[in-house]
Amino acid sequence: MENGGTGENSGDKRIVVRGGQRLCGTVAIGGSKNAAVALIAGALLAASGDTVLTNIPRISDIETLAELLSRLGAKVAFEGDGHTIRINASGLHEHKAPVELVERMRASFWVLGPVLARLGKAIIPQPGGCHIGARAVDLHLKGMTALGATVTAEHGAICAYAPKSGLSGANIYLDLPSVGATMNIMMAATLAPGETVIQNAAQEPDVQNLGDLLATMGADITGQGTGTIFIRGVESLHGATFAVMPDRIEAGTFAAAAAITGGDVVLENARFADLRAVLFKLAEMGVEATDVPGGVRILGNPGTRIKPTRLTAMPHPGFPTDLQQPFTSVLALADGVSIVTDTVYESRFNYLTELAKLGAQVVADGGRQAVVTGIPRFSGAAVRATDLRAGAALIVAALAADGETRVYDTFHVERGYENIVGKLRGLGAHIGREDD
Ligand code: EPZ
(Lines give C-alpha, C1' and ligand atoms only; values in the text may rest on other atoms or scores of the structure.)
Protein backbone atom coordinates (compact mmCIF):
# COMPACT_ATOMS: atom_id res chain seq x y z
CA MET A 1 0.00 0.00 0.00
CA GLU A 2 1.43 3.36 -1.01
CA ASN A 3 0.67 5.16 2.26
CA GLY A 4 2.65 2.62 4.26
CA GLY A 5 -0.27 2.33 6.63
CA THR A 6 -1.12 -0.89 8.41
CA GLY A 7 -4.08 -1.31 6.10
CA GLU A 8 -6.60 -2.81 8.52
CA ASN A 9 -9.18 -2.56 5.79
CA SER A 10 -6.82 -3.27 2.92
CA GLY A 11 -8.26 -6.76 2.31
CA ASP A 12 -4.77 -8.20 2.10
CA LYS A 13 -3.56 -11.46 3.61
CA ARG A 14 -1.93 -11.24 6.98
CA ILE A 15 -0.23 -13.38 9.57
CA VAL A 16 -1.28 -13.04 13.20
CA VAL A 17 1.11 -13.95 16.02
CA ARG A 18 0.49 -14.06 19.77
CA GLY A 19 3.98 -13.76 21.22
CA GLY A 20 5.56 -15.27 24.30
CA GLN A 21 5.87 -18.94 23.37
CA ARG A 22 9.30 -20.60 23.69
CA LEU A 23 9.91 -22.53 20.44
CA CYS A 24 10.90 -26.17 20.94
CA GLY A 25 11.21 -29.16 18.63
CA THR A 26 12.47 -30.01 15.16
CA VAL A 27 11.80 -28.09 11.95
CA ALA A 28 12.57 -29.46 8.47
CA ILE A 29 14.59 -26.97 6.44
CA GLY A 30 13.65 -27.02 2.75
CA GLY A 31 15.62 -26.52 -0.44
CA SER A 32 17.38 -23.20 -1.00
CA LYS A 33 15.29 -20.61 -2.87
CA ASN A 34 18.40 -18.87 -4.19
CA ALA A 35 20.04 -22.08 -5.33
CA ALA A 36 16.82 -23.49 -6.82
CA VAL A 37 16.17 -20.48 -9.07
CA ALA A 38 19.74 -20.69 -10.38
CA LEU A 39 19.57 -24.45 -10.98
CA ILE A 40 16.25 -24.08 -12.83
CA ALA A 41 17.80 -21.42 -15.06
CA GLY A 42 20.85 -23.66 -15.54
CA ALA A 43 18.62 -26.47 -16.79
CA LEU A 44 18.00 -24.35 -19.91
CA LEU A 45 21.56 -25.17 -21.00
CA ALA A 46 20.75 -28.84 -21.66
CA ALA A 47 20.27 -29.41 -25.39
CA SER A 48 19.13 -32.97 -24.73
CA GLY A 49 17.58 -35.01 -21.96
CA ASP A 50 15.60 -34.15 -18.85
CA THR A 51 17.03 -32.27 -15.90
CA VAL A 52 15.34 -33.48 -12.71
CA LEU A 53 15.86 -31.21 -9.70
CA THR A 54 14.84 -32.52 -6.28
CA ASN A 55 14.36 -30.72 -2.93
CA ILE A 56 12.81 -27.76 -4.72
CA PRO A 57 10.98 -25.41 -2.30
CA ARG A 58 7.27 -24.90 -3.07
CA ILE A 59 7.24 -21.09 -3.15
CA SER A 60 5.85 -18.53 -5.58
CA ASP A 61 9.25 -17.53 -6.98
CA ILE A 62 9.73 -21.08 -8.26
CA GLU A 63 6.29 -21.07 -9.89
CA THR A 64 7.11 -17.76 -11.60
CA LEU A 65 10.39 -19.11 -12.97
CA ALA A 66 8.78 -22.37 -14.11
CA GLU A 67 6.22 -20.32 -16.05
CA LEU A 68 9.03 -18.29 -17.62
CA LEU A 69 10.88 -21.42 -18.78
CA SER A 70 7.68 -22.75 -20.36
CA ARG A 71 7.19 -19.46 -22.22
CA LEU A 72 10.73 -19.82 -23.61
CA GLY A 73 9.89 -23.25 -25.02
CA ALA A 74 11.10 -25.66 -22.36
CA LYS A 75 8.89 -28.49 -21.07
CA VAL A 76 8.45 -28.05 -17.31
CA ALA A 77 6.55 -30.29 -14.89
CA PHE A 78 6.38 -30.52 -11.11
CA GLU A 79 6.37 -34.09 -9.81
CA GLY A 80 5.51 -35.95 -6.63
CA ASP A 81 4.53 -33.57 -3.83
CA GLY A 82 5.81 -30.61 -5.82
CA HIS A 83 9.35 -30.70 -4.46
CA THR A 84 10.70 -32.17 -7.74
CA ILE A 85 10.77 -30.40 -11.09
CA ARG A 86 11.50 -32.03 -14.46
CA ILE A 87 12.77 -29.73 -17.24
CA ASN A 88 13.46 -30.59 -20.86
CA ALA A 89 15.04 -27.62 -22.61
CA SER A 90 15.69 -29.28 -25.98
CA GLY A 91 12.79 -27.24 -27.37
CA LEU A 92 14.10 -23.86 -26.19
CA HIS A 93 13.36 -21.44 -29.04
CA GLU A 94 12.16 -18.10 -27.61
CA HIS A 95 14.86 -15.55 -26.81
CA LYS A 96 12.52 -12.89 -25.42
CA ALA A 97 11.42 -13.11 -21.78
CA PRO A 98 7.95 -11.64 -21.03
CA VAL A 99 8.17 -8.48 -18.90
CA GLU A 100 5.29 -9.45 -16.60
CA LEU A 101 7.28 -12.44 -15.34
CA VAL A 102 10.71 -10.84 -15.10
CA GLU A 103 9.47 -7.74 -13.24
CA ARG A 104 8.03 -9.99 -10.51
CA MET A 105 11.34 -11.53 -9.55
CA ARG A 106 14.97 -10.54 -9.97
CA ALA A 107 16.15 -14.12 -10.45
CA SER A 108 14.27 -14.26 -13.76
CA PHE A 109 17.29 -12.32 -15.04
CA TRP A 110 19.34 -15.46 -14.49
CA VAL A 111 17.97 -16.83 -17.80
CA LEU A 112 20.12 -14.27 -19.68
CA GLY A 113 23.26 -16.41 -19.65
CA PRO A 114 21.67 -19.73 -20.67
CA VAL A 115 19.42 -18.25 -23.39
CA LEU A 116 22.29 -16.25 -24.89
CA ALA A 117 24.54 -19.33 -24.81
CA ARG A 118 21.92 -21.60 -26.41
CA LEU A 119 20.24 -19.27 -28.94
CA GLY A 120 22.95 -16.65 -29.55
CA LYS A 121 20.58 -13.87 -28.52
CA ALA A 122 18.49 -12.85 -25.53
CA ILE A 123 16.14 -9.98 -24.74
CA ILE A 124 15.45 -9.85 -21.01
CA PRO A 125 13.59 -6.99 -19.27
CA GLN A 126 15.51 -5.20 -16.52
CA PRO A 127 14.78 -7.22 -13.35
CA GLY A 128 12.51 -6.36 -10.44
CA GLY A 129 12.93 -7.74 -6.93
CA CYS A 130 12.93 -6.50 -3.35
CA HIS A 131 13.32 -2.72 -2.80
CA ILE A 132 16.55 -2.95 -0.83
CA GLY A 133 18.87 -1.01 -3.10
CA ALA A 134 19.73 -0.10 -6.68
CA ARG A 135 20.31 -3.76 -7.60
CA ALA A 136 22.20 -2.92 -10.76
CA VAL A 137 23.06 -5.53 -13.40
CA ASP A 138 26.18 -3.87 -14.85
CA LEU A 139 28.41 -6.78 -13.80
CA HIS A 140 26.12 -9.27 -15.55
CA LEU A 141 26.46 -7.19 -18.73
CA LYS A 142 30.23 -6.76 -18.26
CA GLY A 143 30.47 -10.57 -18.27
CA MET A 144 28.33 -11.08 -21.37
CA THR A 145 30.30 -8.41 -23.23
CA ALA A 146 33.60 -10.01 -22.20
CA LEU A 147 32.34 -13.30 -23.65
CA GLY A 148 31.90 -11.51 -26.99
CA ALA A 149 28.24 -10.47 -26.92
CA THR A 150 26.97 -7.09 -28.08
CA VAL A 151 24.82 -5.77 -25.23
CA THR A 152 22.44 -2.80 -25.39
CA ALA A 153 19.57 -1.52 -23.26
CA GLU A 154 16.41 -0.83 -25.26
CA HIS A 155 12.92 0.04 -23.98
CA GLY A 156 13.69 -1.23 -20.49
CA ALA A 157 15.14 -4.52 -21.68
CA ILE A 158 18.68 -5.84 -21.97
CA CYS A 159 19.40 -7.05 -25.50
CA ALA A 160 22.39 -9.35 -25.92
CA TYR A 161 23.59 -10.78 -29.25
CA ALA A 162 26.48 -13.21 -29.69
CA PRO A 163 28.72 -12.79 -32.78
CA LYS A 164 28.09 -15.19 -35.70
CA SER A 165 31.14 -17.12 -34.52
CA GLY A 166 29.50 -17.54 -31.11
CA LEU A 167 30.66 -16.60 -27.62
CA SER A 168 34.27 -17.22 -26.60
CA GLY A 169 36.01 -17.68 -23.26
CA ALA A 170 37.44 -14.63 -21.45
CA ASN A 171 39.09 -13.42 -18.23
CA ILE A 172 36.45 -11.57 -16.22
CA TYR A 173 37.06 -9.59 -13.02
CA LEU A 174 33.98 -8.81 -10.94
CA ASP A 175 34.29 -5.46 -9.15
CA LEU A 176 31.83 -6.88 -6.58
CA PRO A 177 31.44 -10.60 -5.83
CA SER A 178 27.91 -10.48 -7.26
CA VAL A 179 25.99 -13.74 -6.80
CA GLY A 180 23.76 -13.24 -9.83
CA ALA A 181 26.51 -11.99 -12.10
CA THR A 182 28.73 -14.94 -11.13
CA MET A 183 25.86 -17.33 -11.90
CA ASN A 184 24.93 -15.73 -15.25
CA ILE A 185 28.57 -15.70 -16.41
CA MET A 186 29.18 -19.30 -15.27
CA MET A 187 26.16 -20.49 -17.25
CA ALA A 188 27.00 -18.55 -20.44
CA ALA A 189 30.66 -19.63 -20.33
CA THR A 190 29.86 -23.37 -20.21
CA LEU A 191 29.13 -23.30 -23.98
CA ALA A 192 31.71 -20.63 -24.93
CA PRO A 193 34.74 -22.23 -26.64
CA GLY A 194 38.01 -21.51 -24.82
CA GLU A 195 38.73 -20.83 -21.14
CA THR A 196 36.82 -18.42 -18.94
CA VAL A 197 38.23 -17.32 -15.59
CA ILE A 198 35.93 -15.43 -13.21
CA GLN A 199 38.00 -13.44 -10.71
CA ASN A 200 36.46 -12.17 -7.44
CA ALA A 201 33.55 -14.56 -8.01
CA ALA A 202 30.80 -14.87 -5.41
CA GLN A 203 31.54 -17.75 -3.00
CA GLU A 204 28.02 -18.37 -1.72
CA PRO A 205 27.10 -22.07 -1.31
CA ASP A 206 24.27 -21.44 -3.80
CA VAL A 207 26.91 -20.60 -6.44
CA GLN A 208 28.76 -23.81 -5.61
CA ASN A 209 25.48 -25.75 -5.92
CA LEU A 210 24.95 -24.32 -9.43
CA GLY A 211 28.52 -25.09 -10.47
CA ASP A 212 28.12 -28.68 -9.25
CA LEU A 213 24.91 -29.06 -11.29
CA LEU A 214 26.61 -27.69 -14.41
CA ALA A 215 29.47 -30.18 -13.97
CA THR A 216 26.90 -32.99 -13.65
CA MET A 217 25.37 -31.77 -16.93
CA GLY A 218 28.76 -32.15 -18.64
CA ALA A 219 30.30 -28.72 -18.14
CA ASP A 220 34.05 -28.39 -17.64
CA ILE A 221 34.05 -26.21 -14.52
CA THR A 222 36.18 -26.01 -11.36
CA GLY A 223 36.58 -23.57 -8.47
CA GLN A 224 32.88 -22.99 -7.87
CA GLY A 225 32.45 -21.83 -4.25
CA THR A 226 35.85 -20.12 -4.28
CA GLY A 227 36.76 -16.62 -5.46
CA THR A 228 38.14 -17.89 -8.79
CA ILE A 229 36.11 -20.09 -11.12
CA PHE A 230 37.55 -21.80 -14.22
CA ILE A 231 35.30 -22.87 -17.10
CA ARG A 232 36.30 -24.45 -20.40
CA GLY A 233 33.51 -24.33 -23.00
CA VAL A 234 32.07 -27.61 -24.31
CA GLU A 235 29.92 -28.38 -27.38
CA SER A 236 26.72 -29.04 -25.46
CA LEU A 237 25.29 -30.02 -22.07
CA HIS A 238 22.83 -32.80 -21.26
CA GLY A 239 20.15 -33.27 -18.64
CA ALA A 240 20.99 -34.52 -15.15
CA THR A 241 19.35 -35.45 -11.86
CA PHE A 242 20.46 -33.22 -9.00
CA ALA A 243 19.40 -32.09 -5.50
CA VAL A 244 18.98 -28.48 -4.42
CA MET A 245 21.06 -27.69 -1.31
CA PRO A 246 19.29 -26.89 1.99
CA ASP A 247 18.24 -23.26 2.43
CA ARG A 248 20.79 -21.66 4.77
CA ILE A 249 18.70 -18.47 4.94
CA GLU A 250 15.56 -20.33 5.99
CA ALA A 251 17.73 -22.17 8.54
CA GLY A 252 19.15 -18.88 9.81
CA THR A 253 15.66 -17.40 10.06
CA PHE A 254 14.47 -20.27 12.27
CA ALA A 255 17.69 -19.95 14.28
CA ALA A 256 16.74 -16.31 14.92
CA ALA A 257 13.24 -17.43 15.97
CA ALA A 258 14.73 -19.95 18.40
CA ALA A 259 17.15 -17.34 19.75
CA ILE A 260 14.53 -14.63 20.32
CA THR A 261 12.23 -17.02 22.22
CA GLY A 262 15.02 -18.69 24.22
CA GLY A 263 13.99 -21.90 22.52
CA ASP A 264 15.53 -25.29 21.79
CA VAL A 265 15.17 -26.08 18.09
CA VAL A 266 16.80 -28.61 15.77
CA LEU A 267 17.11 -27.34 12.18
CA GLU A 268 16.78 -30.65 10.31
CA ASN A 269 18.82 -30.86 7.05
CA ALA A 270 20.65 -27.56 7.80
CA ARG A 271 24.38 -27.76 7.03
CA PHE A 272 26.62 -26.39 9.81
CA ALA A 273 29.33 -25.52 7.26
CA ASP A 274 26.95 -23.17 5.37
CA LEU A 275 26.10 -21.28 8.55
CA ARG A 276 29.46 -20.75 10.25
CA ALA A 277 29.31 -16.93 10.34
CA VAL A 278 25.72 -17.07 11.61
CA LEU A 279 26.50 -19.62 14.30
CA PHE A 280 29.56 -17.70 15.50
CA LYS A 281 27.38 -14.60 15.78
CA LEU A 282 24.75 -16.53 17.74
CA ALA A 283 27.47 -17.69 20.16
CA GLU A 284 28.47 -14.05 20.73
CA MET A 285 24.79 -13.32 21.45
CA GLY A 286 24.70 -16.08 24.09
CA VAL A 287 22.93 -18.69 21.94
CA GLU A 288 24.49 -22.14 21.56
CA ALA A 289 24.62 -23.87 18.17
CA THR A 290 25.77 -27.46 17.82
CA ASP A 291 26.23 -29.77 14.88
CA VAL A 292 23.92 -32.77 15.51
CA PRO A 293 23.23 -35.80 13.29
CA GLY A 294 21.13 -34.56 10.36
CA GLY A 295 21.11 -30.91 11.30
CA VAL A 296 22.00 -28.08 13.65
CA ARG A 297 20.62 -27.56 17.21
CA ILE A 298 19.98 -24.01 18.40
CA LEU A 299 19.72 -23.68 22.20
CA GLY A 300 18.59 -20.32 23.52
CA ASN A 301 18.56 -19.35 27.19
CA PRO A 302 15.09 -18.25 28.32
CA GLY A 303 16.42 -16.98 31.59
CA THR A 304 18.84 -14.42 30.19
CA ARG A 305 18.67 -11.66 27.60
CA ILE A 306 20.49 -11.76 24.29
CA LYS A 307 23.97 -10.23 24.45
CA PRO A 308 24.56 -7.21 22.18
CA THR A 309 27.17 -7.49 19.44
CA ARG A 310 28.49 -5.97 16.23
CA LEU A 311 26.91 -7.53 13.14
CA THR A 312 28.29 -6.83 9.67
CA ALA A 313 26.55 -8.36 6.65
CA MET A 314 28.92 -9.08 3.78
CA PRO A 315 29.52 -11.51 0.90
CA HIS A 316 30.13 -15.17 1.83
CA PRO A 317 31.89 -16.39 3.90
CA GLY A 318 30.83 -13.33 5.91
CA PHE A 319 27.48 -12.95 7.66
CA PRO A 320 24.73 -13.20 4.99
CA THR A 321 22.87 -9.99 4.19
CA ASP A 322 19.58 -11.95 3.89
CA LEU A 323 19.78 -12.64 7.65
CA GLN A 324 20.65 -9.06 8.62
CA GLN A 325 16.98 -8.17 9.04
CA PRO A 326 15.86 -11.17 11.15
CA PHE A 327 18.97 -10.85 13.34
CA THR A 328 18.39 -7.15 13.89
CA SER A 329 15.01 -8.14 15.35
CA VAL A 330 16.83 -10.41 17.81
CA LEU A 331 19.39 -7.72 18.71
CA ALA A 332 16.54 -5.25 19.31
CA LEU A 333 15.88 -7.23 22.55
CA ALA A 334 19.56 -7.47 23.56
CA ASP A 335 20.86 -6.23 26.91
CA GLY A 336 22.78 -3.31 25.46
CA VAL A 337 23.66 -1.53 22.21
CA SER A 338 24.52 -3.31 18.93
CA ILE A 339 25.85 -1.93 15.65
CA VAL A 340 24.47 -3.49 12.46
CA THR A 341 26.14 -2.77 9.13
CA ASP A 342 25.11 -4.05 5.70
CA THR A 343 28.02 -3.80 3.25
CA VAL A 344 26.02 -5.51 0.46
CA TYR A 345 22.94 -3.29 0.06
CA GLU A 346 22.76 0.46 0.42
CA SER A 347 19.26 0.53 1.86
CA ARG A 348 18.26 -2.68 3.57
CA PHE A 349 16.98 -0.93 6.74
CA ASN A 350 13.63 0.34 5.40
CA TYR A 351 11.79 -2.19 7.60
CA LEU A 352 13.03 -0.46 10.78
CA THR A 353 10.04 1.87 10.68
CA GLU A 354 7.85 -1.22 11.05
CA LEU A 355 10.05 -2.76 13.74
CA ALA A 356 9.77 0.53 15.67
CA LYS A 357 5.98 -0.01 15.82
CA LEU A 358 6.73 -3.05 18.02
CA GLY A 359 8.85 -0.84 20.28
CA ALA A 360 12.32 -1.34 18.81
CA GLN A 361 14.81 1.46 19.39
CA VAL A 362 16.91 1.46 16.23
CA VAL A 363 18.51 4.46 14.57
CA ALA A 364 19.65 4.02 10.96
CA ASP A 365 21.92 6.57 9.30
CA GLY A 366 19.88 6.27 6.08
CA GLY A 367 22.52 4.04 4.54
CA ARG A 368 24.40 0.97 5.50
CA GLN A 369 24.47 1.20 9.31
CA ALA A 370 21.99 1.03 12.21
CA VAL A 371 22.47 1.47 15.97
CA VAL A 372 20.23 -0.92 17.91
CA THR A 373 19.49 -0.13 21.58
CA GLY A 374 18.03 -3.23 23.20
CA ILE A 375 14.67 -3.17 25.01
CA PRO A 376 13.29 -5.90 27.33
CA ARG A 377 10.25 -6.85 25.21
CA PHE A 378 8.34 -5.93 22.10
CA SER A 379 4.66 -5.06 22.32
CA GLY A 380 2.38 -6.44 19.64
CA ALA A 381 1.08 -4.12 16.90
CA ALA A 382 -0.03 -4.04 13.25
CA VAL A 383 2.98 -3.91 10.91
CA ARG A 384 3.62 -4.27 7.19
CA ALA A 385 6.19 -6.45 5.39
CA THR A 386 8.17 -4.25 2.98
CA ASP A 387 10.12 -7.11 1.41
CA LEU A 388 10.75 -10.84 1.80
CA ARG A 389 13.31 -10.81 4.62
CA ALA A 390 11.71 -7.79 6.30
CA GLY A 391 8.54 -9.86 6.58
CA ALA A 392 10.56 -12.66 8.15
CA ALA A 393 12.17 -10.18 10.56
CA LEU A 394 8.76 -8.90 11.68
CA ILE A 395 7.44 -12.43 12.24
CA VAL A 396 10.56 -13.25 14.29
CA ALA A 397 10.00 -10.11 16.38
CA ALA A 398 6.28 -10.88 16.82
CA LEU A 399 7.18 -14.24 18.39
CA ALA A 400 8.66 -12.32 21.32
CA ALA A 401 6.09 -9.54 21.56
CA ASP A 402 3.52 -9.05 24.32
CA GLY A 403 0.05 -9.60 22.87
CA GLU A 404 -0.94 -9.90 19.22
CA THR A 405 0.95 -8.74 16.13
CA ARG A 406 -0.60 -8.61 12.66
CA VAL A 407 1.91 -8.68 9.80
CA TYR A 408 0.35 -7.36 6.58
CA ASP A 409 1.52 -7.93 2.97
CA THR A 410 2.82 -11.38 3.79
CA PHE A 411 2.73 -12.26 0.09
CA HIS A 412 6.33 -11.06 0.25
CA VAL A 413 7.08 -13.83 2.75
CA GLU A 414 5.36 -16.51 0.67
CA ARG A 415 7.91 -15.79 -2.09
CA GLY A 416 10.76 -17.25 -0.06
CA TYR A 417 9.47 -19.40 2.82
CA GLU A 418 7.46 -22.56 2.25
CA ASN A 419 4.80 -23.02 4.95
CA ILE A 420 6.43 -20.70 7.49
CA VAL A 421 3.20 -20.53 9.53
CA GLY A 422 2.84 -24.32 9.73
CA LYS A 423 6.50 -24.79 10.58
CA LEU A 424 6.45 -22.18 13.36
CA ARG A 425 3.18 -23.58 14.73
CA GLY A 426 4.86 -27.01 14.78
CA LEU A 427 7.47 -25.51 17.12
CA GLY A 428 4.79 -24.19 19.48
CA ALA A 429 4.23 -20.69 18.17
CA HIS A 430 0.73 -19.20 18.41
CA ILE A 431 0.54 -18.12 14.77
CA GLY A 432 -2.07 -18.23 12.02
CA ARG A 433 -3.33 -16.64 8.85
CA GLU A 434 -6.15 -14.11 8.81
CA ASP A 435 -7.81 -13.33 5.49
CA ASP A 436 -10.69 -10.90 5.15
C1 EPZ B 1 21.34 -12.69 -4.66
O2 EPZ B 1 20.89 -11.48 -5.26
C3 EPZ B 1 20.17 -13.16 -3.83
N4 EPZ B 1 19.02 -13.42 -4.68
C5 EPZ B 1 19.81 -12.13 -2.77
O6 EPZ B 1 18.80 -12.69 -1.95
C7 EPZ B 1 21.03 -11.87 -1.89
O8 EPZ B 1 20.74 -10.83 -0.98
C9 EPZ B 1 22.22 -11.46 -2.77
O10 EPZ B 1 22.45 -12.46 -3.78
C11 EPZ B 1 23.49 -11.29 -1.95
O12 EPZ B 1 23.78 -12.48 -1.27
C13 EPZ B 1 19.00 -14.53 -5.43
O14 EPZ B 1 19.92 -15.33 -5.41
C15 EPZ B 1 17.78 -14.76 -6.27
P16 EPZ B 1 24.28 -9.50 -5.84
P17 EPZ B 1 21.81 -10.74 -6.37
O18 EPZ B 1 24.40 -9.43 -7.30
O19 EPZ B 1 22.53 -11.74 -7.17
C20 EPZ B 1 25.28 -4.93 -6.48
C21 EPZ B 1 16.73 -12.80 -0.87
O22 EPZ B 1 16.26 -12.18 0.09
N23 EPZ B 1 25.40 -5.30 -7.89
O24 EPZ B 1 25.27 -10.31 -5.07
O25 EPZ B 1 20.97 -9.75 -7.06
C26 EPZ B 1 23.82 -4.94 -6.05
O27 EPZ B 1 23.23 -3.70 -6.32
C28 EPZ B 1 17.49 -12.06 -1.95
O29 EPZ B 1 16.65 -14.05 -1.03
C30 EPZ B 1 25.91 -4.38 -8.79
O31 EPZ B 1 26.25 -3.25 -8.41
O32 EPZ B 1 22.84 -10.00 -5.42
C33 EPZ B 1 23.90 -5.22 -4.57
O34 EPZ B 1 24.11 -4.00 -3.88
C35 EPZ B 1 17.54 -10.57 -1.68
N36 EPZ B 1 26.00 -4.72 -10.09
C37 EPZ B 1 25.16 -6.09 -4.44
O38 EPZ B 1 25.89 -5.93 -5.66
C39 EPZ B 1 25.62 -5.96 -10.55
O40 EPZ B 1 25.74 -6.23 -11.76
C41 EPZ B 1 24.89 -7.56 -4.22
O42 EPZ B 1 24.18 -8.00 -5.32
C43 EPZ B 1 25.11 -6.89 -9.62
C44 EPZ B 1 25.02 -6.54 -8.29
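The rules behind each value
- Residues numbered from 1 in each chain as written.
- Predicted model: local features only at pLDDT ≥ 70, side-chain atom pairs only at ≥ 80, totals over all residues.
- Heavy atoms only, no water.
- Domains from an automatic or database assignment.
- Contact = heavy atoms within 4.5 Å.
- Buried area = accessible area lost by both parts, 1.4 Å probe.
- Salt bridge = Lys/Arg side-chain N within 4 Å of Asp/Glu carboxyl O.
- Helix = DSSP H or I, 4+ residues; strand = E, 2+ residues; numbered from the N terminus.
- Pairing = 2+ DSSP bridges.
- Axes fitted to C-alpha atoms, helices over the stretch in contact; angles between N-to-C directions.
- Parallel < 35°, antiparallel > 145°, perpendicular 65-115°, else oblique.
- Left-handed = near helix turned anticlockwise from the far one by under 90°.
- Near = heavy atom within 4 Å.
- Polar contact = N/O pair within 3.5 Å; in protein donor to acceptor, adjacent residues only side chain to side chain.
- Areas by Shrake-Rupley, 256 points an atom, 1.4 Å probe, with all protein chains shown as cover.
- Nonpolar A, V, L, I, M, F, W, Y, C, P; charged D, E, K, R; others polar.
- Buried < 20%, exposed > 50% of the residue type's maximum accessible area, 1.4 Å probe, protein only.

### Regarding the domain arrangement of the chain
Step number 1: Here the chain is partitioned into domain 1 (14-29 + 246-433) and domain 2 (33-243).
Step number 2: Inter-centroid distance (C-alpha atoms) of domain 1 to domain 2 is 31 Å.
Step number 3: Between domain 1 and domain 2, the residue contacts involve 21 residues of the former and 21 residues of the latter.
Step number 4: For the pair domain 1 and domain 2, the summed buried area comes to about 1,800 Å², and 46% of that belongs to carbon and sulfur atoms.
Step number 5: Salt-bridge contacts for Asp61 lead to Arg415; the nearest nitrogen and oxygen are separated by 2.8 Å.

### Regarding unusual backbone geometry
Step number 1: Here His316 and Pro317 are connected by a cis peptide whose omega angle stands at 15°.
Step number 2: When you line up the elements, Pro317 lands in the loop between β19 (310-313) and α10 (324-331).
Step number 3: Positive phi outside glycine occurs at His155, with the angle close to 50°.
Step number 4: Relative to the helices and strands, His155 resides in the loop between β8 (150-154) and β9 (157-161).

### Brief notes about the sheet that holds strand β17 (residues 288-292)
The pairing of strands in a sheet happens through backbone hydrogen bonds and is either parallel or antiparallel.
Step number 1: Spatially, β2-β16-β18-β17 is the arrangement adopted by the four strands of the open sheet, whose pairing is mixed. Here the strands that pair on one side only, and so sit at the sheet edges, are β2 (24-28) and β17. When the angles between neighbouring strand axes are averaged without regard to direction, this sheet yields 20°.
Step number 2: With five bridges joining them, β2 and strand β16 (residues 264-268) adopt parallel strand pairing. Residue Gly25 lies in a different strand from β16, and its bridge partner there is Val265.

### Considering the sheet that holds strand β1 (residues 14-18)
Step number 1: Overall, mixed pairing links the four strands, which are arranged β24-β26-β1-β27 in an open sheet. Either end of the sheet is taken by a strand with one partner, and the two such strands are β24 (382-384) and β27 (430-434). Averaged over all neighbouring strand pairs, the angle between strand axes comes to 25°, with direction disregarded.
Step number 2: Of the pairings in the sheet, the one linking β24 to strand β26 (residues 404-408) comprises three bridges and is parallel in character. Bridge pairing in β26 links Arg384 to Tyr408.
Step number 3: Its contacts with the sheet place helix α12 (residues 388-398) against β1, β24, β26 and β27, and it is angled at close to 170° to β26.

### Topic: the packing of helix α1 (residues 33-42) against helix α7 (residues 205-216)
Step number 1: Between α1 and α7, the least distance of the axes is 9 Å, while the angle of their chain directions is 25°. It follows that α1 is roughly parallel to α7 by the angle criterion. Taken as a pair, α1 and α7 cross one another with a handedness that is right-handed. In this structure, α1 uses Asn34, Ala35, Ala38, Leu39 and Gly42 to contact α7, whose residues at the interface are Asp206, Asn209, Leu210 and Leu213.

### Overview of the site of the ligand
Step number 1: Not every one of the 24 residues close to the ligand is listed here, only the nearest: Arg106, Asp138, Leu139, Ser178 and Asp322.
Step number 2: One of the side-chain nitrogen or oxygen atoms of Asp138 is found 2.7 Å away from a nitrogen atom of the ligand.
Step number 3: The contact in question runs from an oxygen atom of the ligand to an N or O atom on the backbone of Leu139, over 2.7 Å.
Step number 4: Here the ligand, which alone exposes 820 Å², has 91% of that area covered by the protein.
Step number 5: Listing elements by their share of the shell around the ligand, those giving two or more residues are α1, α5 (138-146), α6 (179-189) and α12.
Step number 6: Taken together, the residues of the shell around the ligand sort by class into eleven nonpolar, five polar and eight charged.
Step number 7: There are two domains that each give the shell around the ligand at least three residues, and those are domain 1 (14-29 + 246-433) and domain 2 (33-243).

### Some details on the pairing of β26
Step number 1: Sheet topology places β1 next to β26; five bridges connect them, and they run antiparallel. Bridge pairing links Arg14 to Tyr408 in β26.

### Let's talk about the pattern of salt bridges
Step number 1: Under the criterion given, the structure shown has 21 salt bridges.
Step number 2: Close ionic contact of Arg86 with Glu79 constitutes a salt bridge, the shortest N to O distance being 2.5 Å.
Step number 3: The exposure class of Arg86 is partly exposed, given its relative accessible area of 31%.
Step number 4: Through salt bridges with shared partners, a single ionic network connects Arg14, Arg18, Glu404, Arg406 and Glu434.

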